[in-house]
Amino acid sequence: MTEFEINTSRQAQLLDITVQVNDAVRRSGVERGLCNIYVPHTTAAVIVAENWDPDVTHDLLAHLQKLVPREAGYRHAEGNAQAHILSAMLGSSLNVPVEDGKLRLGRWQGVMFAEFDGPRRRSVVVSVQAG
Amino acid sequence: MTEFEINTSRQAQLLDITVQVNDAVRRSGVERGLCNIYVPHTTAAVIVAENWDPDVTHDLLAHLQKLVPREAGYRHAEGNAQAHILSAMLGSSLNVPVEDGKLRLGRWQGVMFAEFDGPRRRSVVVSVQAG
Amino acid sequence: MTEFEINTSRQAQLLDITVQVNDAVRRSGVERGLCNIYVPHTTAAVIVAENWDPDVTHDLLAHLQKLVPREAGYRHAEGNAQAHILSAMLGSSLNVPVEDGKLRLGRWQGVMFAEFDGPRRRSVVVSVQAG
């Protein structure tokens, strides 16, 4: 198990962390198995998404914030209920198979850290199981 | 692999099961690895969410039921299509890394069982992989 | 790790792949552990859902497409932003516990491949970890 840190610069943001996760996989020495990427924060998430056309990540963030607006009569007093809801909807844990010592992603896929209550300094936990 | 049972008391409910899952991890004897929490029911889900401020879980349940209302011209005759849809959206399987013999959750995170067609008696399956 | 291919026949479709995944589990020889099902495509997803009443999968697909319509002023020029968003919301990776050499699914559960930009020929990656 290893951890790395990232900085987000906007309130809502998708950050491609594929390089950092693949680094952690390589350092684990595991050639074949399963990689878990875990976000220990309640306003963030981790997903797989297209990482080639920035319009895709723009549309994704925009539509998620339309489904779950920043203000919607929430009770939670800190003003970030939206972020907690989107974190639960997208999920804070992701598994990607490992093959030949790296993530077995599809051609257009990247691992994306999603923050909905930034800017923040955040941790990502990576565990790699051989098998 | 182990299972435990819980009872829900309302139609839609989030139940903190962190203690039960950590018990299962401890009994597995695994110090470092990955814990899978699996819900073998099609109207329920398992997520990670803030477990400190009850307003957060209130907002989460309320907003999810606004996105997917109980009645919306569904075809499914049993009246619980909402629950099936929310189960698929949140997911019935969750992985959390294990460190020092317990779940490596963030400070504000808890493992939450989500039921959308209760009250029910429900099972939760916990598997812990060393590695 | 093994892969199999499937063909979808409609734009949006849920396909039960439980039999193919259980075949992969049996061929792995693992009696007890964790099975990961991974979709290396950015317009598809994999979920657990009721596989008995076709009205449930109909309602699920219909409501998801209501939440994320095919056209909604997206920037992405290829016309499939909807599919990318639904793929991220449902998730491209799923873990199911393995017991007695097969998926430990609940009575009404099936593993479903979800395509939102078909018809297509698609791959599914299955990894089984003993433990």
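Below you will find a few notes about this structure. Here, residues in each chain are numbered from 1, in the same order as that chain's written sequence. Chains and ligands are labelled sequentially in the order written, the chains with letters from A and the ligands with numbers from 1. Note on the predicted model: pLDDT of at least 70 is required for a residue's local features to be given, and 80 or more for side-chain atom pairs to be given and counted; whole-chain, interface and lining totals, by contrast, use all residues.

As a further point, take helix 1 (residues 18-28) of chain A. Residue and element names in this part refer to chain A. Here helix 1 has its buried residues at Val21, Ala24, Val25 and Ser28. In a view along the axis of helix 1, the buried residues occupy a sector of 100 degrees, so they form one face of it. Facing away from the buried side of helix 1 by over 90 degrees, the exposed positions are Val19 and Arg27. What counts as a contact here is a pair of residues whose C-beta atoms, placed from the backbone, lie within 7 Å. Here a helix means four or more residues in a row that DSSP labels H or I, a strand means two or more in a row labelled E, and each is numbered from the N terminus. Those residues of helix 1 that are buried are in contact with strand 1 (2-7), strand 3 (33-38), strand 5 (93-99), strand 6 (102-103), strand 7 (109-115) and strand 8 (121-130). Phi turns positive, to about 80 degrees, at Gly29, one or two residues after helix 1. Any residue with 12 or fewer other C-beta atoms within 10 Å of its own C-beta is exposed, any with 20 or more is buried, and the rest are partly exposed; the C-beta atoms used are placed from the backbone. Starting at the helix axis, one direction is taken to each C-beta atom, and the arc is that of these directions.

All names here are of chain C. DSSP calls a pair of strands paired once it identifies at least 2 bridges connecting them. Here three strands make up an open sheet; going across it, the order is 2-7-4 and the pairing antiparallel. Of all the strands in the sheet, the pair left with one neighbour each is strand 2 (13-16) and strand 4 (44-50). If you compare each strand with its neighbour and ignore which way they point, the axes differ by 35 degrees on average. In the sheet, strand 4 pairs with strand 7 (residues 109-115) via seven bridges, with the strands oriented antiparallel. Looking across to strand 7, one finds that Val48 is bridged to Val111. Angles here are taken between N-to-C directions and fall from 0 to 180 degrees, while the axes themselves are lines fitted to C-alpha atoms, restricted in helices to the stretch in contact.

A separate point is the interface of chain C and chain A. Opposite the 26 residues of chain C that make contact, chain A presents 30 residues. For the side of chain C that touches chain A, the secondary structure elements donating two or more residues are strand 3 (33-38), helix 3 (81-90), strand 5 (93-99) and strand 8 (121-130) of chain C. Counting residues per element, the side of chain C that touches chain A draws most heavily on helix 3 of chain C, at five residues. Side-chain classes are defined by residue name, with Ala, Val, Leu, Ile, Met, Phe, Trp, Tyr, Cys and Pro counting as nonpolar, Asp, Glu, Lys and Arg as charged, and the others, Gly among them, as polar. Residue composition of the side of chain C that touches chain A, by class: 14 nonpolar, eleven polar and one charged.

Function cannot be read off these values alone, since they describe shape.
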